[in-house]
Every structure is written in structure tokens, then in C-alpha cells.
Amino acid sequence: MKVLANDGISKSGIDALEKGGYEVITTTVAQEQLSNYINEKAIKVLLVRSATTVRKDLIDACPGLKIIGRGGVGMDNIDVDYAKSKGIHVINTPASSSHSVAELVFGHFYGLARFLHNSNRDMPLEGDTNFGKLKKAYAKGIELKGKTLGVLGFGRIGQATAKVGLGAGMKVVAFDPFIEKANLELDFFDGQKVNFDIKTISKEEVLKQSDFITLHVPAQKDYVIDEAEFNMMKDGVIIANAARGGVVNEVALVKAIESGKVARAALDVFENEPKPEMQLLMNPALSLTPHTGAATNEAQDRIGTELASQIITLMAQ
């Protein structure tokens, strides 16, 4: 039984699949050559992340496929319903990368709060000649403790991010049209646990109350944050989008930064991936990463082993 991990898979995932009797191929096949490769190699399981798309044409062209797996949460690059209608199992790993994304968001938040993204650019250039000037320029940082974190989208990743915020001493408010409340359990190194009950509130109230806002929503037709939403926010808010490109209007974001409504912002995803707009790349108020929210060694290990477990279970049925 052959598995094609077209966007890669962790060694732990490969080991688990090989132990289960599967041949794992990690060759990255170009999208336009994928159907021919799958058919020629008699691939039964196709594993992808965000780089490879699995649309109706590929599904129709590959009748031998039994499972399509997405290493991660969102499956907007797969025609899920159509695949299922053809009798193909579609699986993903919704919990594996949640904490990785949450930590990246807070890496950005801590960096933005203390101007680390700017300091790390300026110190190599001016640290020896303008040390005092830089010290003064970046001496007005803020603490996260005691501030309000607004979470838009309160699924697994939103809740994981909220947990990090709670651990940092923040107040958490959240909006999700499908979730009324959630119990968040914080686990500590010595076995102690602390539980928080969070009831979701309206999107408008989250925008009005929050000092920091993080988005964890799926791709959708309209912007989740547009000019009207920016106008509802506190002056000087800090925002992070590690969800999907296109949920924040980037033009409106730049305008909100220029007006002072948004102090600084973090983007891990972009409307025009893999070629973000130059006005974003060059904006000193933005902290940027190249869609690496789920890209930790720990998350990739969890994703690989979870995919392997699901595949072995399904194929044994």
C-alpha cells in the first residue's frame, strides 16, 4: 500500500506508517503532474498540507485513491464533500498544531509590545552609533499582563491561544458564532490544573474591549476585519492574523496603522501568498512571518503520527 506525502511528513509519521506495512513516498510532485504520478505509482493515500490542492479534477482523475489527508486544520485546499461523495475518506489533524499557532501569535505579541521587530532591524545598523536614540525610541513598550485579549474564532486554535493569554495574566474575551462557551483547562508542569469558563460575546463587544486581537477563523467570502471593524476598535490596538490570508482587509489595515487606530500588527498569512504586497513587507509597524504558525518540530511530529494512526485504522476496516 503506497502513501504519497506530497508536502512532506515527519519521520515519526513515516516510521509509524512503515511499521503498519505502508510504503511512504515523500517526493514532491508538481500539481500539474500529480494525477499521472498517483495513477502510475498506484497511490492509495495522498497526504497534503497547504501547498497542494485536491480539487474535483484531481479526484476524478485518480479513481484509485482511498484516503486524502490534510496535515493541519483547515481543508479549504481540498474539495472535501466531493471526495466523500466518491467514497474517499478525508482526514485531518485539527488538534496537532493548535499550541504551535498560539505560541507564534504570542511571540508576535510580545515582540510588538516591546518593539522587538524594529529593534532587531535597527540595532545591527545603528546600535554602535545611535544607541541612545534607539533606546529612547523603543522605551515605550507595554506589558501584556492585565490587558484584554480578544479572540475571534473560538475553536481549537482560538482556545489554545486563549490559554496562553490566560497564562500571561490577560483577560480573555471571545467571539464565535457557533460556540456559546468553553471550558479551558490549563495544565502546569507539576500536575496542577486550573479551569476557566469563557462565555463568548458579540464580535462588536470583542472589538470594542480588546487591547490585543487575534483571529482564528476559516477562510470565507467576506473580510472578518474590514474598515468598519477597525473603526470599532480601541485606539492603539495590536492585532495578529495567523488564520488565513483574506480574513483581514490588508489595505484597510495599512490605513488603520497610518491613522493610529492600530498601533502595530502581526501577519503570518497574506492575501497574496506566496507574494505578499510590498507595502506590507516594508511597513515598520508590521511583524511578519511566512505562514509558519504550525511549523514546529513538535507539531509536525504530532501531525505525522496522528495521520498514520487514522490511516491504519481506516484501512483496517
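Report follows, based on the coordinates. The residue numbers shown here count from 1 along each chain, following its written sequence. Confidence filtering applies because this is a predicted model: local features only for residues at pLDDT of at least 70, side-chain atom pairs given and counted only at 80 or more, and all residues used for totals across whole chains, interfaces and linings. Calculation of side-chain values draws on the structure's entire complement of heavy atoms; hydrogens and water are dropped beforehand.

Our focus in this paragraph is empty space enclosed by the protein. Residues are said to line a cavity or pocket when one of their atoms sits within 4 Å of a point; the points come from a 1 Å grid over protein atoms alone, cavities being sets where a 1.4 Å probe fits but cannot get out and pockets being open sets with protein on both sides within 12 Å along at least five of seven lines. Grid points are joined across faces, edges and corners, and a volume is the space filled by probe spheres set on the points. Summed over the entire model, instances satisfying the criterion amount to 3 cavities of 30 Å³ or more. A volume near 60 Å³ is recorded for the largest cavity. Around the largest cavity sit Gly8, Ile9, Ser10, Leu47, Val48, Arg49, Gly71, Gln300, Ile303 and Leu307, which together line it. Secondary structure elements follow DSSP: runs of H or I no shorter than four residues count as helices, runs of E no shorter than two count as strands, and numbering proceeds from the N terminus. Those elements that provide at least two residues to the lining of the largest cavity are strand 3 (43-48) and helix 13 (297-315). No other element matches the 3 residues that helix 13 contributes to the lining of the largest cavity. By residue class, the composition of the lining of the largest cavity is 5 nonpolar, 4 polar and 1 charged. Under the scheme applied, nonpolar residues are Ala, Val, Leu, Ile, Met, Phe, Trp, Tyr, Cys and Pro; charged residues are Asp, Glu, Lys and Arg; polar residues are all the others, including Gly.

We call Phe, Tyr and Trp rings a pair once their centres come within 6.5 Å, taking the six-membered ring for Trp, and we label the pair stacked below 30 degrees between planes, edge-to-face above 60, and tilted otherwise. For the structure shown, the criterion picks out 4 aromatic pairs. Seen in terms of ring centroids, Phe109 and Phe212 are 5.1 Å apart; in terms of plane orientation they differ by 70 degrees. Their pairing is edge-to-face. Taken together, the positions of Phe109 in helix 5 (residues 98-113) and Phe212 in strand 10 (residues 212-215) put the pair 103 residues apart, joining distant regions of the chain. In terms of burial, Phe109 and Phe212 fall into one category: buried. Taken together, the ring pairs in this structure connect Phe106, Phe109, Tyr110 and Phe212 into an aromatic cluster. In this scheme, a residue with accessible area under 20% of its type's maximum is buried, one over 50% is exposed, and one in between is partly exposed, where area comes from a 1.4 Å probe on protein chains only.

Attention now goes to a nonpolar patch on the surface. Like charges are joined within 9 Å and nonpolar side chains (Val, Leu, Ile, Met, Phe, Trp, Tyr) within 5 Å, but only among residues with over 30% relative accessible area and no salt bridge; these make up the patches. Shrake-Rupley sampling with a 1.4 Å probe provides the accessible areas, and residues are treated as covered by the protein chains on show and by no other component. Counted as salt bridges are all cases of a side-chain nitrogen of Lys or Arg within 4 Å of a carboxyl oxygen of Asp or Glu. A surface patch of nonpolar side chains, amounting to about 430 Å² of accessible area, comprises Phe188, Phe189, Val194 and Phe196. Topologically, Phe196 is positioned in strand 9 (residues 193-199).

What follows covers the sheet that holds strand 5 (residues 89-92). Each strand in a sheet pairs with another by means of backbone hydrogen bonds, the pair being arranged parallel or else antiparallel. Paired strands, as defined in this entry, are two strands with at least two bridges between them according to DSSP. Spatial strand order, 2-1-3-4-5: 5 strands in an open sheet with parallel pairing. Strands at the two margins of the open sheet, each flanked by one partner only, are strand 2 (23-25) and strand 5. In this sheet, adjacent strand axes meet at a mean angle of 20 degrees when their direction is disregarded. Pairing of strand 4 (residues 67-70) with strand 5 involves 4 bridges; the strand directions are parallel. In the strand pairing of strand 5, Ile68 is matched with Val90. Contacts between residues were defined by any pair of non-hydrogen atoms, one from each residue, lying within 4.5 Å. Each axis is a line fitted through C-alpha atoms, and for a helix only the stretch in contact is used; angles between axes span 0 to 180 degrees, taken between their N-to-C directions. Contacts between helix 13 and the sheet are confined to strand 3, strand 4 and strand 5, with strand 5 contributing the most and set at about 155 degrees to the helix.

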